[in-house]
Structure formats: structure tokens, C-alpha cells
Amino acid sequence: MSAETPAAVPGQFTRRRLQFRAWRGARPFWAGLFVALAGFPIMYFPYANLQIGHLTLAMSTTAGAGSLIIGVLLVVLGLSLWFQRHIRVFAGVAAILLGLVSIPVSNFGGFIIGFLLSLVGGAMAVSWVPGTPPDTEPPAEAKGTGGAPEGAVLGGQEPDTTMPQPRTGADMPAEPNDLSGTSPGNGANGRHSAG
């Protein structure tokens, strides 16, 4: 290392890692990853040729274009879960449906690998909800007047702790628009008279 080489800023990796962690925590990251990964085996296997010695095994199906479309849609849905988190329910349901459609269309859903990844990722996307940020400070205690705790005697006066009495029909103000006949003022208590 020469004298002109600037030293690496200590903590830069930690800062980037924490930024990525905050970004990842604000969206359905793992659901998007599983859905995007589900698209690759679904769109790869119908076009793959496996060489075993001199034997070529082609796994192409008659619905190869359908497999490609399903795979590309799953990758796009996975990326949209990362960058457009408000469509998580739609993307999750669409990923589950595309995974189910891939069973008959694309070699049993990419040999079950893509099918299972799309089901798990879709379920995670539907069930994900944004979290609430943690409180920065604990809630303050209830305080009375002048900074004293509530219920404390201030200036030698006792606080009024009597319970208010329920109001009867005579002291209750009349409600002019009450047409139900069930107000406590007329004693009906929710029952209608057959009159």
C-alpha cells in the first residue's frame, strides 16, 4: 500500500449493510425473492437439453411458449414486490395462480421446484404487512397539574373523586330527530311496542 492510497472509510460496509437491511425491512423482500426465483426453473426446463454421454434428453413441451410467459411473469411479479410494495396482495395471488397453472404447462411446474417457490412466495406476499416504526422514547407517565403525578394532593385540596350519577329521563334533553322509539328517555330500552 502506498502513501497516496486513501484508507478505506471504516464502517462503510456496515453502513451499506444497514441501509440494505432497512430497505429490505420496508417491503416483502423474501416473498419477492421466492417468486422471482420460481420463474427461472419454470422457464428454463422446457428449453433445456440434458446431455448424458451421447444421449441428448430434451424436456421441451408443446407449451414451451406458455412456460416462458409464466416464468417471465413470475420474475416480473417478484421484482414488483420489491419496488411496488402496495401491490403485494395482487402479486401474491397472481404468483400462486401462475404456480398452479405451471403444473400442467411447464413440466410439473419446473419439476415442482418453481411451483413450490411460487406458492411459498405468493403466500408470503399476501400475508406481509408493513410494520410500524418503534417508539423512540417510552410513553411519559400521566402527570397532574404542575408536574405532580395524577392523584396527588395539591395545595391541601383533595381532588373530586365522586362518581357522576346516571341521568334519568327527566333531566335528559329531548332529541328532536329520534324516530326509532328506542331511546332510553321513553323507557323503550330497544323494544318496539306493538301498539
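Look up: the structure comes first, before these words.
Owing to the predicted nature of the structure, the values given are computational and were not obtained by experimental measurement. (Residues numbered from 1 in each chain as written. Predicted model: local features only at pLDDT ≥ 70, side-chain atom pairs only at ≥ 80, totals over all residues. Heavy atoms only, no water.)

(A) Fine view of the nonpolar core. Membership of the largest hydrophobic core comes to 14 residues, with the highest contact counts inside it found for Val35, Ile70, Leu74, Leu77, Leu81, Ala95 and Leu98. Element by element, the count of residues in this core is highest for helix 4 (residues 88–105), at 5 residues. Dropping the residues within four chain positions of it, Ile70 is found in contact with Ile42, Leu98, Val101, Ser102 and Val105. (Core = buried A, V, L, I, M, F, W, Y, C linked by side-chain atoms within 4.5 Å. Buried < 20%, exposed > 50% of the residue type's maximum accessible area, 1.4 Å probe, protein only. Helix = DSSP H or I, 4+ residues; strand = E, 2+ residues; numbered from the N terminus. Contact = heavy atoms within 4.5 Å.)

(B) Examining unusual backbone geometry more closely. One non-glycine residue, Ile112, adopts positive backbone phi at about 65 degrees. With respect to the helices and strands, Ile112 occurs in the loop between helix 5 (107–111) and helix 6 (113–127).

(C) View of the packing of helix 2 (residues 29–44) against helix 3 (residues 64–83). Axis separation between helix 2 and helix 3 bottoms out at 7 Å; the angle between their running directions is 165 degrees. Relative to helix 3, the element helix 2 lies roughly antiparallel. In terms of crossing hand, the pair formed by helix 2 and helix 3 is left-handed. Taken together, the residues of helix 3 that come into contact with helix 2 (itself represented by Phe29, Ala31, Gly32, Leu33, Val35, Ala36, Ala38, Gly39, Phe40, Ile42 and Met43) are Ser67, Leu68, Ile70, Gly71, Val72, Leu74, Val75, Leu77, Gly78, Leu81 and Trp82. For the contact of helix 2 with helix 3, the residue count by class is 17 nonpolar, 5 polar and no charged. (Axes fitted to C-alpha atoms, helices over the stretch in contact; angles between N-to-C directions. Parallel < 35°, antiparallel > 145°, perpendicular 65-115°, else oblique. Left-handed = near helix turned anticlockwise from the far one by under 90°. Nonpolar A, V, L, I, M, F, W, Y, C, P; charged D, E, K, R; others polar.)

(D) Structural view of the environment of Arg24. Summarising the element assignment, Arg24 is placed in helix 1 (residues 12–25). Between the C-alpha atoms of Arg24 and Trp82, which are 58 residues apart in sequence, the distance is 8.2 Å. Each residue touching Arg24, except ones within four places of it in the same chain, is listed here: Phe29 and Trp30.

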